Amino acid sequence: MSLLKVRDLSVTFDTLQGPFKAIEGIDLDMEELDTLAIVGESGCGKSVLGHATMRLLDDIAVVRGSVIYRGREVYAMSQKELLEMRGKAISLVPQSPSASFNPVIRIGKQITELIEKAGVAHGREAEERALSYLDYVGFSDPHAIFDSYPHRMSGGMCERALIAMSTSTEPDLIIADEPTKGLDALSRKNILDMLQRMTAGSSLIMITHDLKAAAMCKRVAVMYSGEIVEIGPTRVVLEHPAHQYTRGLIDAQPSKGMKPIPGRHNISHKSEGCRFRNRCELVQSECVRHPLLREIEEGHMVRCHYA
Amino acid sequence: MSLAKGRARFFAGKALRYGITLVIILSINFAIPRAMPGDPMINLLGEDAVRVDRQMLDELRAQYGLDRPIQDQYIEYMLGAGRLDFGYSIHKNLKVTELIYDRFFWTLVLIFPSIAIGGLLALVLGAIAGFRQGSKVDRLLTGVSIFMYSCPSFLFAMVIVTIFSFHLGWFPLGNISSGRTQGFAYLLDIGYHLFLPVAILSAFEAAYIFLIVRNSITQIMGEYFIFVAKAKGLSARVIELRHVMRNVLPQFISIMALNFGFMVSGALIIEIVFSLNGMGTLIYDSVMSRDYPVLQGAFVFLTIFVLAANFLADVLYGITDPRIGDSMNTGKMI
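None of the values given here were measured: they were computed from a predicted structure.

Here is what the cut-offs are and how they apply
Numbers given for residues are sequential positions, taken from 1 along each chain in its written order. Chain A is the first chain written and ligand 1 is the first ligand written, with later ones labelled in order. With pLDDT at 70 or above as the cut-off, local features in this predicted model cover only qualifying residues; side-chain atom pairs require 80 or more to be listed or tallied, and sums for whole chains, interfaces and linings still use all residues. Note: side-chain values were computed over all heavy atoms of the structure, leaving out hydrogens and water. Put simply, DSSP H or I for four residues or longer makes a helix, DSSP E for two residues or longer makes a strand, and each gets a number counted from the N terminus. Atoms counted for the radius of gyration: C-alpha only. Globule rule: 2.2 Å times residue count to the power 0.38. Using a 1.4 Å probe, the Shrake-Rupley method yields the accessible areas, and only the shown protein chains count as cover for residues. All tallies of charge rest on Lys and Arg as positive and Asp and Glu as negative; His and the ends of each chain are not included. Every charge is mapped to an atom, namely NZ of Lys, CZ of Arg, CG of Asp or CD of Glu. In these notes, a set of buried Ala, Val, Leu, Ile, Met, Phe, Trp, Tyr and Cys residues joined through side-chain atoms within 4.5 Å is what counts as a nonpolar core. Accessibility here uses a 1.4 Å probe with only protein chains present; expressed as a share of the type maximum, an area under 20% marks a residue as buried, one over 50% as exposed, and anything in between as partly exposed. Contact between two residues is taken to exist if any of their heavy atoms lie within 4.5 Å; hydrogens are not considered. Simply put, the buried area is the total loss of 1.4 Å probe accessible area from both parts when two parts are fitted together. Basic side-chain nitrogens of Lys or Arg form a salt bridge, by our definition, when they fall within 4 Å of a carboxyl oxygen of Asp or Glu. The pairing criterion is simple: DSSP has to find at least two bridges between the two strands. Handedness of a crossover is defined as follows: with both strands directed away from the viewer, a clockwise route from the first strand across the helix to the second makes it right-handed. What marks off one domain from the next here is an automatic or database domain assignment. Residues enter patches when their relative accessible area tops 30% and they take part in no salt bridge; the joining distance is 9 Å for like charges and 5 Å for the nonpolar side chains Val, Leu, Ile, Met, Phe, Trp and Tyr. Here a Phe, Tyr or Trp ring, Trp counted by its six-membered ring, pairs with any other such ring whose centre lies within 6.5 Å, and the pair is stacked when the planes are under 30 degrees apart, edge-to-face when over 60, and tilted otherwise. Note on definitions: angles span 0 to 180 degrees between N-to-C directions of axes, and those axes are lines fitted to C-alpha atoms, for helices only across the stretch in contact.

Caption draft 1: Examining the overall build of chain A more closely. A tally of regular secondary structure across chain A gives 11 helices and 12 strands. A globule of 307 residues ought to have a C-alpha radius of gyration of about 19 Å, and chain A, at 20 Å, matches this closely. Projected onto its principal axes, the C-alpha coordinates of chain A cover approximately 65 × 45 × 40 Å. Accessible surface, chain A: about 13700 Å² in total, of which carbon and sulfur atoms supply 52%. Between the averaged position of the 37 positive side-chain charges in chain A and that of its 40 negative side-chain charges there is a distance of 3 Å.

Caption draft 2: A look at the nonpolar core. Residue and element names in this part refer to chain A. Among the nonpolar cores identified, the biggest contains 92 residues, and L4, I26, L28 and I90 are the most heavily contacted of them. With six residues, the single largest contributor to this core is helix α7 (residues 155-167). The contacts of L28, once residues within four sequence positions are left out, are L4, K5, V6, R7, L36, I38, L49, I228 and I231.

Caption draft 3: The arrangement of the interface of chain A and chain B in detail. Taken together, the 26 residues of chain A in the interface contact 20 residues of chain B. When the buried surface of chain A facing chain B is broken down by residue, A:P103, A:V104 and A:E113 rank first, second and third, together holding 27% of it. There are two salt bridges connecting chain A and chain B. Residue B:K232 pairs with A:E113 through a salt bridge whose shortest N-O separation is 2.8 Å.

Caption draft 4: Representation of the pairing of strand β8 (residues 203-208) of chain A in the model. All names here are of chain A. Burial of β8 is extensive: six of the six residues sit out of reach of the surface. Burial along β8 is two-sided: S203, I205 and I207 facing one way and L204, M206 and T208 facing the other are all buried. Two elements, strand β3 (residues 35-39) and β8, share five bridges in a ladder whose sense is parallel. Along β8, the bridge assignment pairs L36 with I205. With five bridges joining them, strand β7 (residues 173-177) and β8 adopt parallel strand pairing. Looking across to β8, one finds that D177 is bridged to I207. Between β7 and its parallel partner β8, the chain crosses via helix α8 (residues 185-198), and the hand of that crossover is right-handed.

Caption draft 5: View of unusual backbone geometry. Residue and element names in this part refer to chain A. Within the chain, R70 stands out as a residue other than glycine whose phi angle is a positive 45 degrees. Take R70: it is sitting in the loop between β4 (61-69) and β5 (72-73). A residue is classified by how much of its surface remains accessible, and R70, at 32% relative accessible area, is partly exposed. The phi dihedral of S96 falls on the positive side, at around 50 degrees, and the residue is not glycine. Considering the arrangement of structural elements, one finds S96 in the loop between β6 (90-93) and α3 (97-100).

Caption draft 6: Structural detail: the domain arrangement of chain B. Residue and element names in this part refer to chain B. Partitioning chain B into domains gives domain 1 (3-82) and domain 2 (100-329). Computed from C-alpha coordinates alone, the two centres of domain 1 and domain 2 are separated by 32 Å. The partner domain 2 presents 16 residues to the 19 residues of domain 1 that form the contact. Area buried by domain 1 at its contact with domain 2 is led by R7, Y18 and N29, which between them contribute 30% of it. Remark: the boundary between domain 1 and domain 2 carries one salt bridge. For K14, the salt bridge goes to D314, with nearest N and O atoms at 3.1 Å.

Caption draft 7: How the structure looks around a nonpolar patch on the surface. Taken together, the side chains of B:F154, B:L155, B:M158, B:V159, B:I163, B:L168 and B:W170 define a hydrophobic patch exposed on the protein surface, amounting to about 650 Å² of accessible area. By relative accessible area, which is 42% here, B:F154 ends up partly exposed.

Caption draft 8: Focus on the packing of aromatic side chains. Residues and elements named next belong to chain B. This structure, assessed with the given rule, holds 14 aromatic pairs over all chains. Here F104 and F301 contribute two aromatic rings whose centre-to-centre distance is 6.2 Å and whose plane-to-plane angle is 70 degrees, an arrangement assigned as edge-to-face. Within this pair, whereas F104 is found in helix α5 (residues 96-131), its partner F301 is found in helix α12 (residues 292-320), the two being separated by 197 residues in sequence. Each member of the pair, F104 as well as F301, carries the same accessibility label: buried. Between F105 and W106, the aromatic rings sit 5.1 Å apart at their centres with planes inclined by 75 degrees, giving edge-to-face as the arrangement. Three or more aromatic residues joined by ring pairs form one cluster here, namely Y101, F104, F301 and F305.

Caption draft 9: Molecular detail of the sheet that holds strand β9 (residues 219-224) of chain A. Residues and elements named next belong to chain A. Ordered by their spatial adjacency, eight strands build an open sheet running β6-β7-β8-β3-β9-β10-β12-β11, and the pairing between neighbours is mixed. Because the sheet does not close on itself, it has two edges, and the strands there are β6 and β11 (294-297). Looking at each pair of strands side by side, their axes are set apart by 20 degrees on average, direction ignored.

Caption draft 10: Seen up close, the sheet that holds strand β2 (residues 18-30) of chain A. All names here are of chain A. Ordered in space as β2-β1-β4-β5, the four strands form an open sheet in which the pairing is antiparallel. Every other strand in the sheet has two partners, leaving β2 and β5 as the edge strands with one partner each. Across two bridges, the pairing between β4 and β5 is antiparallel. Opposite Y69, over in β5, you have R72 as the bridge partner. Across the sheet, helix α1 (residues 46-53) touches β1 (4-15), β2 and β4, and the angle it forms with β1 is around 115 degrees.

Caption draft 11: Structural view of helix α4 (residues 107-117) of chain A. The buried fraction of α4(A) is high, at eight of 11 residues. Considered for burial, the residues of α4(A) that qualify are A:I107, A:G108, A:Q110, A:I111, A:T112, A:E113, A:L114 and A:I115. Where α4(A) is buried, its residues meet α5 (123-136), α6 (142-146) and α7 of chain A together with α10 (236-273) of chain B.

Caption draft 12: Just the environment of B:I146, in detail. In this structure, B:I146 sits in helix α6 (residues 136-150). The sequence separation of B:I146 and B:L295 amounts to 149 residues, and the corresponding C-alpha distance is 33 Å.

Structure, rendered in structure tokens:
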């Protein structure tokens, strides 16, 4: 049985300007100890997908499709089951590390409350556990961090403390939302190494716009305008990309000459057809028809008529 | 810098600021009556002044020290203020300080319970409304609060007195006690007399702070760390009590402390409606009878009281919000 199965998931936000489709027709499968990177530019729906997986979206979000965690439909769970699942079975490493901790509660207390809530340990034992996880993520003085308030720590320190918190319950699946956002190259490398080490016993979905970060995962899914446009083994996708958008992302990296993708990301894709066609250099007549995600080789799928 | 040294520097800085504020207010307090058009002695004597001969006016002026150069008057006034000595009341022939001590005590008896009850009410009702935003309870409570907040307190107080004291006869019309009881019965009697004024003041306090608590909750509920708390699978109750209310606390406590000053002015109206002998009636009577020494003394007392409350608010904010507390420890001004 797979760990997580997402089927035809779509999320629509009811806004004053009318309904806005954030993600559409998402299918994903995660096995035990699987690692998947979801890449794409801002607004492509990757964070919404992460939040929808944990049923964390606001009431204004209309969610269709299904998310099945260990054979149980997340969207059919009772409130109690849902609270049990969050933080214990599926854990989120939220983005914006400095804003993720409550400013008036000590870091240690915020980690301990999760450990206790998850029923992993209680009281003194939970505190010890929190301290050892702070130690695992490389703090030289875990006690000082435990007693510290978030504002006394840098963004990178908060990120490490967040990873310590999110992994302290030994979850089955960790969803890391932009763990390298806003970090310099050295911190980024440290965080990625540490994330890899800390999530070794779990499955990992890493949401990122950073292809270097994505490279540490076994598979990568590329999202554009709310859809998965390419998914496959990381090496295959990053070295032999089949979708023109994936190629654009790769060429846009600083190490590849920072070549921008022409045109602009049209978030409110009202038109039919391929959503990338107004930016695609290889656009052809068939592109007015919406392409389906199809397998072009073992485990490598792409949403393009011509790939 | 060491923590203790930083904290000491912070408090020294604060004390200096409050000291300067106090000197400025005392100076304004000195200047206003002297800047007013007309002769203070003629104001003091009212209509009688036209019948008093010039020599007697000069004597009176000398008696109050008003014939001396303005800088001498200022220095003497400031020295007096330093000793909390404001001379004698013109009409009551009592030391201003003694008069104020007595009246201030009764004002505190009126406002302390009102602040405690009002604050508690505001916290509980604000939480109920804030966590159920848009619900019927929220709309009802918010509506009542806005009504109370915009309602003139004297009008509200008079309506309450008319209904509960005059028509229903459940409570006395005014005064602090009926003056016939002693011991425990005396305290009960005071409680009975203070019930309506305290209830009204509490309601006004609650209405104002309710709106602050409710809005504070709304704002905090939208913070990212609340989303993170949800992602951790914490129950709504834990999130509300631990994560949200803990963040409301610094703002709540400092508003409560700041409100001390406003409560005194609120109490002024209520004291007049209920004929209670507090600071409010003292100031009112002094204005009516142009008893300047009493007025000046009363303003200085209220100023010191409000400044002390502000200082308390600063300190409590630093204790309840570590971000502010840290900036205190580093001696940094905020």
